[in-house]
Amino acid sequence: MADVLKPARHAAEGALRLITPHRSLDLIKSMSTMELSTVLQRECNSKLIAMTDGLSPSCFVTDKLAVSVSPVQLDRVVDATGAGDAFLGGLIASMHSLGGVPATEKDLQRCGEVANRLGGACCQVLGAVPTAESREHVKDILPTETQSEDVVEDESAVEHYKAIHTSLMCDTITLSNLHDSSGSALLYERISHVCDTLINCTGNRIVSGVGKSGLIARRLAGTLSSIGVPCEFVHATEFHHGDLGNRRCC
């Protein structure tokens, strides 16, 4: 099993039932979240279990420590998309700052608080994309140095530049290989089909997405509209909450 597991309670119940079939589902569901986390940690031999349970406290369990962290109180919930990922990101960032799995109850409690705060901040914006407002929700728990707007030291700047350069080179090589591959003709055919579909559409084009795909879709809608091809972006979450009812197939 993985060194770190972050299941929601309902997923942990199903996983434990598969791992220990001698336990009935009723027995597993009767366990408290802390009991369930402890048993799962022991059965999976993981270094850390971080279990969420909706609006109930989250539980963080290692082979020697166990803490329960109350959820943050939110003044509003806009969209829960990505909250679990944000929670896990906060947990990983906290563990990275410690150099690994927390060794003291205080550090484990701190990791849980950071994870909960980031997960909560994600719920207060639409589409799982961080905003300046998101940072305001968590800035008081960030290390002091991360809040500074000062320019990073030269050595760090060089390392960052190298990482960006390496990433761009990988993109360049990948695109070149794609162009030279035997499947490039099929790729061009599919691109042509998409373009023809967009151009020949007699109604309003609608694009959608969540997260990074949503950002790309929004940019596509703006680009098409600017060249006279009517296009509208609708967030996928808004589709789910009723906006789909305004659309009709041509």
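Details of the structure are given in the entry above.
Reading the values: rules and limits
- Residues numbered from 1 in each chain as written.
- Predicted model: local features only at pLDDT ≥ 70, side-chain atom pairs only at ≥ 80, totals over all residues.
- Heavy atoms only, no water.
- Salt bridge = Lys/Arg side-chain N within 4 Å of Asp/Glu carboxyl O.
- Helix = DSSP H or I, 4+ residues; strand = E, 2+ residues; numbered from the N terminus.
- Buried < 20%, exposed > 50% of the residue type's maximum accessible area, 1.4 Å probe, protein only.
- Core = buried A, V, L, I, M, F, W, Y, C linked by side-chain atoms within 4.5 Å.
- Contact = heavy atoms within 4.5 Å.
- Expected span 1.5 Å × (residues − 1).

### A look at the pattern of salt bridges
Summed over all chains, the structure comprises 5 salt bridges. In this structure, the salt-bridge partner of Arg23 is Glu43, at a minimum N-O distance of 3.4 Å. Remark: Glu43 occurs in helix H3 (residues 33-44) and Arg23 occurs in the loop between helix H1 (9-19) and helix H2 (25-30); sequence separation between them is 20 residues. On the accessibility criterion, Glu43 (34% relative accessible area) is partly exposed. Put simply, Asp63 and Lys64 hold a salt bridge, and the shortest N to O gap is 3.4 Å. Judged on exposure class, the residue Asp63 and its partner Lys64 are both exposed.

### Brief notes about the nonpolar core
Formed by Leu48, Ala50, Phe60, Leu65, Val67, Val69, Phe87, Leu91, Met95, Leu108, Cys111 and Ala115, the largest nonpolar core amounts to 12 residues. Sorting the residues of this core by element identifies strand S2 (48-53), strand S4 (66-69), helix H4 (83-98) and helix H5 (105-122) as the ones contributing at least two each. Residues in contact with Leu108, not counting those within four places in the same chain, are Leu48, Phe60, Thr62, Leu65, Ala66, Val67 and Pro102. One finds Ile28, Leu36, Leu40 and Ile49 within the second-largest nonpolar core, a separate group that totals 11 residues.

### Observations concerning H3
The terminal C-alpha atoms of H3, which comprises 12 residues, lie 16 Å apart, in line with the 16 Å expected from a rise of 1.5 Å per residue. Taken together, the buried residues of H3 touch strand S1 (4-5), H1, H2, S2 and strand S3 (56-61). One or two steps after H3, the chain reaches Asn45, where phi turns positive at roughly 55°.

These figures capture arrangement, not role.
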